[in-house]
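Letter by letter, the chains look like this.
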Amino acid sequence: MLMRTDPFRDLDRIAQQVFGTPGRPAAMSMDAWRDGDTFEVEFDLPGISPGSIDLDVERNVVTVKAERPALNKDLEMLASERPRGVFSRQLVLGENLDTEHIEASYEAGVLRLRIPVAEKAKPRKIAITSPSEDREAIDA
């Protein structure tokens with residue numbers, strides 16, 4: 001069988017694995033949304049054991065690290081499309097989120113973060129006073 005060689009094919013394959021494509025994103029795809037007074041983020045981490053997930057918060061930066069271990073090198077691979085190794089992703093959170101009370105859960109290959117909106121960022125009513133109302137209360 002005659003095969004045409006393409007020197008850029010391997011480079012393109014590696015770039016797609018690292019950076020992803022529109023049809024197949026990189027190793028740690030994510031969704032984020034606001035639900036009332038909570039900001040929620042979900043990371044897809046299929047095949048990752050919960051013990052290999054590391055979650056750190058420093059000021060307003062959340063870092064998620066996870067590791068999918070390499071397979072036995074003695075195996076004859078027929079297809080290798082799932083990235084392996086250590087993956088990391090950082091989120092820079094706004095000052096309006098309460099990073100002291102982040103909750104994390106992991107179920108069915110999905111890491112979910114629940115980050116509450118800080119009390120100081122929630123809308124609130126301000127009472128308005130008037131000097132004339134104070135005088136009326138004194139006269140009575």
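Keep in mind the model is a prediction, meaning the values are calculated, not measured.

Asker: What is the right way to look at the nonpolar core in this model?
Answerer: One recurring pattern in soluble globular proteins: nonpolar side chains tend to sit buried together. Grouped together as the largest cluster of nonpolar side chains are 17 residues, with contacts concentrated most on Met28, Phe43, Leu45 and Leu111. Listed by contribution, the elements that provide at least two residues to this core are strand E2 (38-44), strand E4 (61-68), strand E5 (85-92) and strand E7 (110-116).

Asker: How should the sheet that holds E7 be read in this particular structure?
Answerer: Whether parallel or antiparallel, the strands of a sheet pair through hydrogen bonds between backbone atoms. Spatial ordering of the open sheet is given by E1-E2-E7-E6, a layout of four strands whose pairing is antiparallel. On the outer flanks of this sheet lie strand E1 (30-35) and strand E6 (103-107), each paired with one strand and no other. Strand-to-strand twist of the sheet, defined as the mean angle between neighbouring strand axes without regard to direction, takes the value 15°.

Asker: In this structure, what is going on with the sheet that holds E4? I would like to understand it.
Answerer: In space, the three strands of this open sheet follow the order E3-E4-E5, with antiparallel pairing throughout. Strands at the two margins of the open sheet, each flanked by one partner only, are strand E3 (54-58) and E5. Taken over all neighbouring pairs, the strand axes of this sheet differ in orientation by 15° on average, direction set aside.

Cut-offs and rules
Throughout, residues of each chain are indexed from 1 in the direction in which the sequence is written. Reporting of local features is limited, given that this is a predicted model, to residues whose pLDDT is at least 70; pairs of side-chain atoms are given and counted only at 80 or more, and all residues count toward the totals for whole chains, interfaces and linings. Side-chain metrics in this entry use all non-hydrogen atoms of the structure; hydrogen atoms and water are not considered. Only buried residues count toward a nonpolar core, which is a set of Ala, Val, Leu, Ile, Met, Phe, Trp, Tyr and Cys residues joined through side-chain atoms within 4.5 Å. Relative accessibility thresholds used throughout: buried, under 20% of the residue-type maximum; exposed, over 50%; partly exposed, between the two (1.4 Å probe, protein chains only). A helix here means a DSSP run of H or I that spans at least four residues, while a strand means a run of E at least two residues long, and both kinds are numbered starting from the N terminus. Only strands that DSSP links by at least two bridges are regarded as paired with each other. An axis is simply a line fitted to the C-alpha atoms; with a helix, the fit covers only the stretch in contact. Between two such axes, the angle follows the N-to-C directions and lies from 0 to 180 degrees.

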